[in-house]
Amino acid sequence: MRALVTGFEAFDGAGSNASHEAVRRLPPRIGALDIITALLPTSFARAGAVLIREIERADPAIVLCVGEARERTALNIERIAINLQDARTADNDGAQPIDTPIAAGAPAAWFSTLPVRAIHDALSAAHLPSTLSYSAGTFVCNHVFYTLMQYEAQTHARWRGGFLHVPAWRIDSALGKTATMTLDDIVRGLVIALKTSARLPV
Ligand code: PCA
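Residues numbered from 1 in each chain as written. Predicted model: local features only at pLDDT ≥ 70, side-chain atom pairs only at ≥ 80, totals over all residues. Heavy atoms only, no water.

**Regarding the site of the ligand**
If you check the shell around the ligand, you find Phe-8, Phe-11, Asn-17, Thr-42, Gly-67, Glu-68, Phe-139, Val-140, Cys-141 and His-165 and nothing else. Here an oxygen atom of the ligand and a side-chain polar atom of Asn-17 are 2.8 Å apart. Backbone polar atom of Glu-68 to a nitrogen atom of the ligand: 2.8 Å apart, as the coordinates give it. Look at the ligand: alone it shows 260 Å² of surface, and the protein chains cover 94% of it. (Near = heavy atom within 4 Å. Polar contact = N/O pair within 3.5 Å; in protein donor to acceptor, adjacent residues only side chain to side chain. Areas by Shrake-Rupley, 256 points an atom, 1.4 Å probe, with all protein chains shown as cover.)

Next up, the structure:
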């Protein structure tokens, strides 16, 4: 059984992205689960196509997309992706869509198909800060999450997918943000989320 786990490029002037740093530290194998990782561009125009190409290549049972939410202080298990782009800053291509749908005429929202409650419970049992989140924002992460879930529905996929936002992991003086979790704990959280999704013992 394979899991595809994606992180994002740094964006908005930051030197790194906690999602990429955590994803690239995952072991190649977790129990019976082979871990395949990929880096997505922080780009409204390009990220979705890269994600779909990686899914087709990996033929996974689980797809977990991971992004950084600097202002958040816990692992945020995203429940719902919405059909809206409303960027407060430009993406890495300089694009800044405001008040536009991701896919005109498509459903307003899609739910994660990962076992979000079980992941939350498993993270809490491991004493990691975790919350069920009802908004992945309206920037590139939500765009990728929506694209993932719409692709799953349209292709009647056998895999299950979802999105997790992680906090920033180190003080970035240019942005004035303070890390609230260590990178080791973020990686530990991803491993627990993947084990729970694959129904492996945590
Ligand atoms: N976070 C951004 C996009 C890339 C990332 O890591 C977001 O929350 O939309």
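Back to the write-up after that little detour.
**Things to note about unusual backbone geometry**
The phi dihedral of His-156 falls on the positive side, at around 45 degrees, and the residue is not glycine. Within the element layout of this structure, His-156 appears in the loop between helix H4 (140–154) and strand S9 (160–166). Since its relative accessible area comes to 69%, His-156 is described here as exposed. Positive phi is not limited to glycine here, since Arg-199 has a value of about 60 degrees. Inspection of the secondary structure assignment puts Arg-199 in the segment after helix H5 (183–197). (Helix = DSSP H or I, 4+ residues; strand = E, 2+ residues; numbered from the N terminus. Buried < 20%, exposed > 50% of the residue type's maximum accessible area, 1.4 Å probe, protein only.)

**What to know about the nonpolar core**
Judged by nonpolar contacts, the single largest core of 36 residues is most densely connected at Leu-64, Leu-190 and Leu-194. If you list the elements that add at least two residues to this core, you get strand S1 (2–8), helix H1 (18–23), strand S3 (33–40), strand S4 (62–68), strand S5 (75–78), helix H3 (116–125), S9 and H5. Sort the elements by how many residues they give to this core and H5 lands first, with eight residues. Beyond its immediate sequence surroundings of up to four residues, Leu-64 is in contact with Leu-4, Val-5, Thr-6, Leu-114, Gly-162, Phe-163, Leu-164, Leu-190, Ala-193 and Leu-194. Counting residues in each nonpolar core, the second largest holds 29 residues, with Phe-8, Phe-44, Cys-141 and Tyr-146 among its members. (Core = buried A, V, L, I, M, F, W, Y, C linked by side-chain atoms within 4.5 Å. Contact = heavy atoms within 4.5 Å.)

**Some words on the packing of aromatic side chains**
Applying the stated criterion across every chain yields a total of five aromatic pairs. Geometrically, the ring pair formed by Phe-8 and Phe-163 is tilted, given 6.5 Å between the ring centres and 40 degrees between the ring planes. You can see Phe-8 sitting in strand S1 and its partner Phe-163 sitting in strand S9, a full 155 residues away along the chain. We classify Phe-8 as buried; its relative accessible area is 2%. Ring pairing ties together the aromatic residues Phe-8, Phe-145 and Phe-163, which thus form one cluster. Lying over the aromatic face of Phe-11, Arg-70 brings its terminal NZ or CZ to 4.5 Å of the ring centre. A cation sits over an aromatic face here: Arg-88 above Phe-139, 5.8 Å from the ring centre. (Phe/Tyr/Trp six-rings, centres within 6.5 Å; stacked < 30°, edge-to-face > 60°. Lys NZ or Arg CZ within 6 Å of the ring centre and 35° of its normal.)

**Side note on the packing of helix H2 (residues 47–58) against H4**
Following both chains from N to C, one finds H2 and H4 inclined at 45 degrees, their axes separated by 9 Å at the closest point. The angle between the axes of H2 and H4 places the two elements in the oblique class. By crossing handedness, the relation of H2 to H4 is classed as right-handed. Taken together, the residues of H4 that come into contact with H2 (itself represented by Ala-47, Gly-48, Leu-51, Ile-52, Ile-55 and Glu-56) are Val-140, Val-144, Thr-147, Leu-148 and Tyr-151. A class-by-class count of the residues in the contact of H2 with H4 yields eight nonpolar, two polar and one charged. (Axes fitted to C-alpha atoms, helices over the stretch in contact; angles between N-to-C directions. Parallel < 35°, antiparallel > 145°, perpendicular 65-115°, else oblique. Left-handed = near helix turned anticlockwise from the far one by under 90°. Nonpolar A, V, L, I, M, F, W, Y, C, P; charged D, E, K, R; others polar.)

So, to be careful, I would describe these as geometric facts and stop short of saying anything about function.
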